[in-house]
Amino acid sequence: MRASTTLEQTRSPLLIRILNQFGNWLGKAGLPRTQFRAASLIDIAKRRTDLNDFGDGDFFEPLSRLLESSRSEARLNFIGKMALRTDVVRTLCNRLSMQRDRHLYPEIARQEIGEPIFIVGLPRSGTTLLHTLLAADPEHRTPLTWEVMSPSPPTSDKREQRIRRATKDVSALQWLAPSFQRVHALGAELPQECVGLMSPTFRSDQFDTMYNIPSYRSWFLKQDLRPVYEYHRRFLQHLQYRRNARRWVLKAPVHMFALPTLLSIYPSARFVQAHRDPLEAITSVSSLIAILRKVFSDRVDLAQIGRDALQYWSETTAVFMEERDGLAPARICDVYHHEIRRDPIDAVRRIYEHFEWAFSPDTEARMRTVLANQPREQNGLHLYEPAQFGLVKEDVESRFAPYCERFGLSTKVEKDQTERTNAVVSG
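Residues numbered from 1 in each chain as written. Predicted model: local features only at pLDDT ≥ 70, side-chain atom pairs only at ≥ 80, totals over all residues. Heavy atoms only, no water.

Caption draft 1: Here's a closer look at the packing of helix α13 (residues 278-296) against helix α14 (residues 302-323). For the pair α13 and α14, the least separation of the axes is 9 Å and the interaxial angle reads 135 degrees. It follows that α13 is oblique to α14 by the angle criterion. The way α13 lies across α14 gives a crossing that is right-handed. Contact with α13, carried on its side by Ile-282, Val-285, Ser-286, Ile-289, Ala-290 and Arg-293, involves Leu-302, Ile-305, Gly-306, Ala-309, Leu-310 and Trp-313 of α14 and no other residues of that element. Across the contact of α13 with α14, the residue classes tally to nine nonpolar, two polar and one charged. (Axes fitted to C-alpha atoms, helices over the stretch in contact; angles between N-to-C directions. Helix = DSSP H or I, 4+ residues; strand = E, 2+ residues; numbered from the N terminus. Parallel < 35°, antiparallel > 145°, perpendicular 65-115°, else oblique. Left-handed = near helix turned anticlockwise from the far one by under 90°. Contact = heavy atoms within 4.5 Å. Nonpolar A, V, L, I, M, F, W, Y, C, P; charged D, E, K, R; others polar.)

Structure, rendered in structure tokens:
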């Protein structure tokens, strides 16, 4: 008999199941439902902050599309509706506060973002561990979870209070989905993917990861993302005002989707691309998405998640392979998931050598301390099977054939695929 997968082991706490059932009963009884209108949530944010200037850039249409798709397609449960409303209002409040801060602290707009490093690659390819280790270098700066969640004020005022608030929010997710922390590292003071810097534009695949919103997804994939990356840069300036460093180290696989746009905002950017067998990567990210969506909806279509992940990442990878050839070889360093798992310090050392950075004994010691102090709960096994998500080896091989040939990868996996390493390694 095979071991049950992590997704099959995932179940919400009893209290949450009761709340969701109660919320479903309220809906059937015709009682008032959670508001999903952009104008209403914008008014709430304005009242909460006593501010009304959101800055330049349209966000009303993407917010409206997000809310309508969530209302009509996501099949959100009671917790999902409350989470979406809370997240949208918090994001709107942050946008208002950050715009005010740019007037109070004019130096924010004069912050220079020079030669940032972007870690990209198929999701679940070891990018999270690379990000975490590179963040240990005092020369580097990464967005931290707490400061992305509470970017205002742009100073260290109320720092401990903001960290406690972020810790509380992270703990809530850990309670809602206990198995999620075995799949992806969570922590208020850990480096965070920089998709969070794009969320105030409401053009972000972060929402699609959490909710089944195909109409919004289809619309988002057709958009000009230059305004999104412009806001990404504004957010970085905001964070850099509080604490600067020699270079920013940023991470999000989605950056492969818009390389020319990213380079139009960060023309001196450099890249680390992590590689992994596509069938393993696509199955793993499908499992992560399914575990997360199950928190917010009681009806999750696993086959759809697998189809969407395979289509998006195969197309994105093919486009990125062509576009990265326009970069000078010195600007991009390739590393492999199996190398990161076997010896993460050696993989990092190769990155330093490629970019001709000094890898001091102190920096190595800091990174080894990070490895030694990973939370014990992140040492669990992430178990998954391609068949859960309708993924077929031959189909994945066909779609990723040029990528696998170029980088010497195989799509072969064992019948019961297991990640036998820290969950943080595969993120």
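Caption draft 2: How the structure looks around empty space enclosed by the protein. Per the counting criterion, the structure on display carries three cavities of 30 Å³ or more. Considering only enclosed or pocket space, the largest cavity measures out at about 60 Å³ in volume. Around the largest cavity sit Met-198, Arg-203, Ser-204, Asp-205, Phe-220, Leu-225, Val-228, Tyr-229, Val-254 and Phe-257, which together line it. When grouped by side-chain class, the residues that make up the lining of the largest cavity number seven nonpolar, one polar and two charged. (1 Å grid on protein atoms, 1.4 Å probe; cavity = no way out; pocket = protein on both sides within 12 Å on 5 of 7 lines; lining within 4 Å. Points joined across faces, edges and corners; volume = space filled by probe spheres on them.)

Caption draft 3: Just the nonpolar core, in detail. Membership of the largest hydrophobic core comes to 95 residues, with the highest contact counts inside it found for Leu-63, Leu-92, Phe-271 and Phe-400. Sorting elements by how many residues they give to this core places α13 first, with eleven residues. Ignoring sequence-local partners within four residues, the contact set of Leu-92 consists of Leu-41, Ile-42, Ala-45, Phe-54, Phe-59, Leu-63 and Phe-202. The next biggest cluster of nonpolar side chains, apart from the first, holds 22 residues, and it includes Ile-117, Leu-130, Leu-134 and Val-249. (Core = buried A, V, L, I, M, F, W, Y, C linked by side-chain atoms within 4.5 Å. Buried < 20%, exposed > 50% of the residue type's maximum accessible area, 1.4 Å probe, protein only.)

Caption draft 4: Region of interest: the sheet that holds strand β1 (residues 117-121). Strand order in the open sheet formed by five strands is β2-β3-β1-β4-β5, with parallel pairing between adjacent strands. Edge positions in the open sheet fall to β2 (140-141) and β5 (332-336), since each of these has one partner strand only. Direction of pairing for β1 relative to strand β3 (residues 247-251): parallel, over a ladder of three bridges. By the bridge assignment for β3, Ile-119 is matched with Lys-251. Packing against the sheet, helix α16 (residues 344-355) makes contact with β1, β2, β4 (270-275) and β5, and its axis sits at approximately 165 degrees to β5. (Pairing = 2+ DSSP bridges.)

Caption draft 5: Highlighting the packing of aromatic side chains. On inspection of all chains with the given rule, the structure shows 18 aromatic pairs. Where Tyr-216 meets Phe-220, the ring centres are 6.2 Å apart and the plane angle is 10 degrees; that geometry is what we call stacked. Residue Tyr-216 and its partner Phe-220 are located together in helix α10 (residues 214-220), separated by four residues, close to a single helical turn. The same class applies to Tyr-216 and to Phe-220, which are both buried. For the pair Phe-355 and Trp-357, a centre-to-centre distance of 5.2 Å together with 25 degrees between the ring planes defines the contact as stacked. The same class applies to Phe-355 as to Trp-357, namely buried. Feature note: the residues Phe-54, Phe-59, Phe-202, Phe-207, Tyr-216, Trp-219, Phe-220, Phe-257, Tyr-312 and Trp-313 constitute an aromatic cluster, connected by ring pairs. (Phe/Tyr/Trp six-rings, centres within 6.5 Å; stacked < 30°, edge-to-face > 60°.)

Caption draft 6: Looking closely at unusual backbone geometry. In the segment running from Ser-152 into Pro-153, the intervening peptide bond is cis, with an omega of 5 degrees. Positive phi, close to 60 degrees, is recorded for Lys-158, a residue that is not glycine. For Lys-158, the position within the fold is in the loop between α7 (145-149) and α8 (159-176). For Lys-158, a relative accessible area of 58% corresponds to the exposed category.

Caption draft 7: Summary view of the environment of Ala-136. You can see Ala-136 is positioned in the loop between α6 (127-135) and β2. Placed 229 residues apart in sequence, Ala-136 and Ala-365 show a C-alpha to C-alpha distance of 9.3 Å. If we skip the residues at most four places from it in the chain, Ala-136 touches Arg-366, Met-367 and Val-370.

Caption draft 8: Seen up close, the side chain of Gln-99. Position of Gln-99 among the secondary structure elements: in helix α5 (residues 78-104). Taking relative accessible area as the criterion, Gln-99 reaches 12% and is therefore assigned buried. In this structure, Gln-99 is in contact with Asp-53, Phe-54, Gly-55 and Arg-234, ignoring residues within four places of it in sequence.

Caption draft 9: Broad picture of the environment of Phe-359. Its place among the elements puts Phe-359 in the loop between α16 and α17 (361-372). Separated by eleven residues in the primary sequence, Phe-359 and Val-348 place their C-alpha atoms 9.2 Å from one another. Beyond its immediate chain neighbours, meaning those up to four positions away, Phe-359 contacts Ile-345, Val-348, Arg-349, Tyr-352, Glu-364 and Met-367.

Caption draft 10: Geometry of the packing of helix α4 (residues 60-73) against α5. Put simply, α4 and α5 touch, their axes get as near as 12 Å, and they point 175 degrees apart. Our classification of the angle between α4 and α5 gives roughly antiparallel. On α5, the residues that touch Leu-63, Leu-67 and Ser-70 of α4 are Leu-84, Val-88 and Leu-92. Residue composition of the contact of α4 with α5, grouped by class: five nonpolar, one polar and no charged.

Caption draft 11: Local environment of the environment of Ser-204. Within the element layout of this structure, Ser-204 appears in the loop between α8 and α9 (205-210). Spatially, the C-alpha atom of Ser-204 lies 8.2 Å from that of Val-228, the residues being 24 residues apart in sequence. Of the polar contacts made by the side chain of Ser-204, one reaches the backbone nitrogen of Gln-206; its length is 3.1 Å. (Polar contact = N/O pair within 3.5 Å; in protein donor to acceptor, adjacent residues only side chain to side chain.)

Caption draft 12: Examining the pattern of salt bridges more closely. Per the stated rule, a full pass over the model turns up 25 salt bridges. With its nearest N and O atoms 2.8 Å apart, the salt bridge here joins Arg-71 to Glu-68. Highlighted residues: Arg-71 and Glu-68, both in helix α4, separated by three residues, approximately one helical turn. Judged by its relative accessible area of 38%, Glu-68 falls in the partly exposed class. Linking Arg-217 and Asp-208 is a salt bridge whose minimum nitrogen-to-oxygen distance equals 2.6 Å. If you follow the salt bridges from partner to partner, you end up with Asp-346, Arg-349, Glu-364 and Arg-368 in one network. (Salt bridge = Lys/Arg side-chain N within 4 Å of Asp/Glu carboxyl O.)

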